[in-house]
Amino acid sequence: MQPNRPVAPGRPPSQQYSPFSVPGPTQPMRPEQPPSQPVYPPGASVQGFSVHSASSTPLAGSEQNYPRATPPVRSNGPVAPFQLSPNLPPPRGGAASFFHPAPGGPVIGQPIMPPSGSSAVQQIAPTSGPRLPLVASSASVPMAPPPQAASYMSLGGNFPPPPIQSSSEYPLGRTSLIPSSASPMPHSVNQPHQGGQGGQVPFFAQRTSFPSPQPGIPAQQHLTQQGGPLGYAGAVPQPPMLSSYMDAQKARAPPSYPMAGPPAGGIQGLVEEFQSLSVGSVPGSVDAGVDPNLLPRPLDEADLEGTSSSSIYVSNCLPRHLRFTTNAIPNSQSLMARWHLPLGAVVHPLAEAPNGEEIPVVDFGSSGIVRCRRCRTYVNPYVTFTDGGRRWRCNVCSLLNDVAGEYFAPLDINGRRRDADERPELSKGSVEFVAPTEYMVRPPMPPLYFFLIDVSLSSIRNGMLKVAAETIKSSLDKLPGFPRTQIGFLTFDSALHFYNLKSSLTQPQMMVVADLDDPFVPLPDDLLVNLSDSRHVVEALLDSLPSMFEENTNIESAFGPALKAAFMVMSQLGGKLLIFQSTLPSLGFGRLKLRGDDPRIYGTDKEHTIRIAEDPFYKQMAADLTKYQIAVNLYAFSDRYTDIASLGTLAKYTGGEVYYYPSFHANLYKEKFSHELARDLTRETAWEAVMRIRCGKGVRFTTYHGHFMLRSSDLLALPAVDCDKAFAMQLTLEDTLMTTQTVYFQVALLYTSSSGERRIRVHTMAVPVVTDLGEMYRNADTGAIICLLSRLAIEKTLSHKLEEARHVIQLRIVRSLQEYRNLFAVQHRLSGRLIYPESLKLLPLYGLALCKSLALRGGFADAHIDERSAAGFNMMIIPIKKLLKLLYPSLSRLDEYLLKGEDDGKASLQRLVLSAERLDPRGAFLYDDGFRFVLWLGKVLPAEFVKNLLGVEAANSPDLSKLPVIEQNNELSRKLLATLKTLRERDPAFYQHCYLLRQGEQPREGSLLLFNLVEDQIAGTSGYVEWLLQIQRQVQQK
C-alpha cells in the first residue's frame, strides 16, 4: 500500500451482501433498538494538490461489483378497458332527467318504488353489446340486515330471469347494479347480439313503484318518478364510424326495444324490482342507448380524498397519512378469501399538512418515551388506564404496563385520564416524539448533499450542466440544517474529477483520477466540507463548472467508477447522493450495453429482462449505499437509450427517486429541471430513517412495495425520506379474529431531523373487524386499492409479460364484482346485471386507466423502454392523490375560461371527460396529469387568439414543439400564465412543463395527448364503454 492512500470502508471478504439482506452493522436504527455504529477506517490526508493525475493501487475491502413515431394500432392487454364517467349527483326530489327523449321518442319502462326509508338507486343503460348493469351503493350505510335497494345497469337481451329465492344473509345498503347479458357476449363488442337484438349499455334511472299499466300500453313504456317524469333519449341511428379520432366514438344511439314487463309475483319481503333499458344494435358499431358521459368519473377533487373511520374512531390519524384498502378487517381467512382485491395499507408518513396544521411534538425528557415493554407499541389514544391510573393496557398486545411516577395522572369517573385532552399522545392519532439518547449510537448526522455530475459532451450540449450549477447555487441559502450542512462535488467523463473545497482556499482545486479499474480518493478530508465555512469556495466552483467543460468533446461515461468513488467519500457520514447522468455508462465496472428495446422479445418469456438491471453491480452498490445511510436521487437526461432500468435500481433500494427528462434541452425544460432540483434540495428530509408498522394480534403485514431496503421481515431502511414518498404493504390474517372487535395499527418512523434532533413520528389507527363481506365492500377505499394494485402490477412486469400484469388487474376487478354480485344473486333478480358498491364506483375506470398507463400499456411500439421504466419507478413512490391524478388527468376548455371578463380569483377550470369527442376544433384545451401540461389548439381557433396568447411565432409556426410558453404583452397571456402558476402551486412536488400542440400535429398529438385520453378506443385498446362490456361478460361467466 502506498503512503497517504486512504482505505475504503471495508468488510470481511468472506461475507456476502445482497440488496435484500445486509448483516451485522447494517441493522438500521429502529424504534425498539438503536442501530449499531459502523466502524469507519481513517483516511489518509493528501495536501497541496492543484490539477494532478494520480495512479492507484488496490483498495482494501473494495468490491467491483426523442421523439417517437406514433405506435401502430395494436392490442393492449385487456380487450376492453373500463373507464368511469362524471360523478352523478344524487337525484333531488323531482325528475331526474338523465336522458332527454328525442321528439316523438318513446318513454320507456316504469321504474320501481323503493320501500319507505330506503335509498334511491341509480341505473345505467348500456350503449352496446349485452346490457351492462351498473349499481352504486350509498357511501354511508349502517351495518344491518340485507339491503333493500340496489341500482344497476342492464346489458343483456330480454331473457327470463331465474327464480328468486329469499335469503337473510346479505348486507343492507344501496348498491349499484349493471344489467348484463344472460347469454354470452359476442367476441367483439361491435358485433350485433345473437338473435338480431343488440346489446345494451347501462343507464342510470330512479326506481319507483310499478304503477298499474294503462290499458293498451306496455308497462315498459311508462317511466315516471315522484316529482316528475323521467325521460330517456330516443333512438336515432348514427352515421358510420369515421376515420378521424374526433369521430371515433360517434357511432352511437341505436333504436330502442321495449323490455319485458315487470315480473309477475315475487317473494315475501322483496318489495322492489329492477328495470333496464333495451337498446338495439347497429351492426358494425358500438351503439349507445345512453350518453356515456353520465357514467361516474372523478371530476371533483373530493373523489381523490380518502375515506376515514373517524366517525367511529375519533382519535385515528388522518387519511393523508394512512389509508387501508378497506376500513373493515375480515374476521376469518374464509371471509378474506372472498375479498379478491388487495388487502393492505398505504402509508405516507411525512405527508405535508395544510397551512396552519402541525403534528404535535412530545418530549418526555429524562423519563423516556412511554412504550409497551413487550410489543414496543408507543402510548396512544387507544391504550386504557386501570388501577387508578397506575397501570395501562396496551391496545395492540393487551399487556398491562406500569405507569412511571412522573407520568401518573388520576382517572375520571369514566376511567379516562383527567389530563388526556392536554396530552397529544393520548388524544391525537399523529404525534412526534423527541427520541432520547438511547435511540442513537452515534451523533445525529448532518444534512449532507453530494453531487455526482456527468460532464461529457451531451451534458454540455443540452445545457444540463449549466442549469444544474445555477440551481444548486441559488438553493444554497435554503438547504436545510444550517449551519451543519455538508456539501461535496465529483464530476466525470472518461476520468474522475475531485474538488478540494477547503475553506482556507480562494479557488477550488481539481484532482483527476484516470485509473478506472481501481478508483481511489486522493484527498479524503476536504472533499466534503461544511457549507457555512466554505461557502465562497463552493460558489466559485459552481460559477466555473460550465465554462470549465464548455469545450469538452469527451463522449465517454465512467459512471460506475465515479459511483464507487462517491461512495468512498460519503461512507463516513451518509447523506443524499444526487446523480446527473446524460449518457449510457460506457467505461469501467457498471458499464452497460446498448440493449435497447428489442421488439422480438415482446410476448416471450424474456420480455421482462429489458425492464430489470442488466448488471448486478447496481443492485450490490445499492445495498452498500443503504448500509452506510446513503440515498440516491437520479436525474437522467437523454434522447437516447440510457438504461433507466439499471440506473434506477440505485434509487429503488436506497429510498430515492428517479427524475427522467427525455430529449432535454435547457431552452425548453430549464424551469422544470430547476424547480424539481430545488424542491429536492430544499424540502424537509428525514435522514438515516427506519420505519415499522405494528398491528394487533392475528394480523400481519407480509409484503412491502416502494423504494426502500427491507432490513428484516418488517423493518424498512430509508437513508433519506421526504414528504413526497408513500409506501404500500399487503396484509394477511394469521388467526381467526372471532372475539376481536377492533384491530389497531401503528406506524413508527425513527429519523434524524435536519436540525440534528432524533425524532419518532407515530401514526395510530383503529379499524373495525367485520363478519360480513358487504361491510368490507361498503368501507372500501378505491384510491388505496388502485395504489396497491399499481405497485403489484409494476413489480409483476419485472418478472412477467406486460400483458400478464394487465390481465391480473382485470381479473381481480372481475372476481371482486362477481363476489359482490353473489351477495344479491338470490335475493334479487340479477340475470343480465352487474352490481358494485358505491365505494368502488370508480374502480373499473381506474383499472382501465392503469392498464393504459405508460408503465403498463401496449408493447414495443407503445412506449420507449426508458420512459416506461421511469414511469414505473415514479408510480412506485407517489402518494395516492398524485397517482389518481396521473391515471385520470384533468382536461379543461381554456379559451372560454380565459375570455371571461371577470376574474375574481374564484373561478376555476371546468373538468371534462377524457375523450377526444370533447376537443372542439374551435377551442383551446388544457390537459394536466400532475407532471405536465399539454395545451391543445384547435385547427379553427382564431389566429388572433393564438397570437395574443402565445405570440406571433406560435400563430404562424406549423411546429410548436420548440416554442416555450412566455408572457406576451396583453391581458389574455397574463391570465394564462397566472392560471398555470396557480395549478402548479397546488402540488409543488413536480413542475408541469407546458407542451404546445396543434390539432393534427402528428406524431406529437398522439403521444402527448390522444393516447392518454383513456376513455377512447385508440391504438387497438378498448374504451370506457367497451371495458364495461368486457367486465360484464366476464362477471357473468362461472
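Here's what I pulled together on the structure shown here. (Residues numbered from 1 in each chain as written. Predicted model: local features only at pLDDT ≥ 70, side-chain atom pairs only at ≥ 80, totals over all residues. Heavy atoms only, no water.)

Moving on, we come to the sheet that holds strand 30 (residues 727–733). Across the sheet, four strands lie side by side as 10-12-30-27; this open sheet has antiparallel pairing. Looking at strand neighbours, the two that pair on one side only are strand 10 (322–324) and strand 27 (699–705), the edges of this open sheet. Averaged over all pairs of adjacent strands, the angle between strand axes in this sheet comes to 25°, irrespective of strand direction. Pairing geometry for strand 10 and strand 12 (residues 344–347), over three bridges, is antiparallel. The residue of strand 12 that forms the bridge with F324 is A345. (Pairing = 2+ DSSP bridges. Helix = DSSP H or I, 4+ residues; strand = E, 2+ residues; numbered from the N terminus. Axes fitted to C-alpha atoms, helices over the stretch in contact; angles between N-to-C directions.)

Cis geometry is found at the peptide bond from F482 to P483, where omega equals 5°. Locating P483 in the fold gives a position in the loop between helix 4 (464–475) and strand 19 (486–492). Look at the link from Q1002 to P1003: it is a cis peptide, with omega at 0°. When you line up the elements, P1003 lands in the loop between strand 37 (993–998) and helix 20 (1004–1008). Even without a glycine there, the phi angle at S663 is positive, about 55°. Among the secondary structure elements, S663 is positioned in the loop between strand 25 (657–662) and helix 9 (666–682). Among the residues examined, S663 registers a relative accessible area of 24% and is labelled partly exposed. (Buried < 20%, exposed > 50% of the residue type's maximum accessible area, 1.4 Å probe, protein only.)

As summarised here, the arrangement of the three strands in space is 14-15-16, forming an open sheet in which the pairing is antiparallel. Two strands lie at the open edges of the sheet, namely strand 14 (384–386) and strand 16 (400–402), each paired on one side alone. Going across the sheet, the axis of each strand differs from the next one's by a mean of 35°, ignoring polarity. Relative to strand 16, strand 15 (residues 391–393) runs antiparallel, the two sharing three bridges. For W392, the partnering residue across the bridge sits in strand 16 and is N401.

Before going further, it helps to spend a moment on the environment of E539. By the element assignment, E539 lies in helix 5 (residues 535–548). We classify E539 as partly exposed; its relative accessible area is 23%. On a C-alpha basis, the gap between E539 and E470 in space is 9.7 Å, while along the polypeptide they are 69 residues apart. Residues contacting E539, with those up to four places away along its chain left out, are K473 and L476. (Contact = heavy atoms within 4.5 Å.)

No statement about biological role is implied by the geometric values presented.
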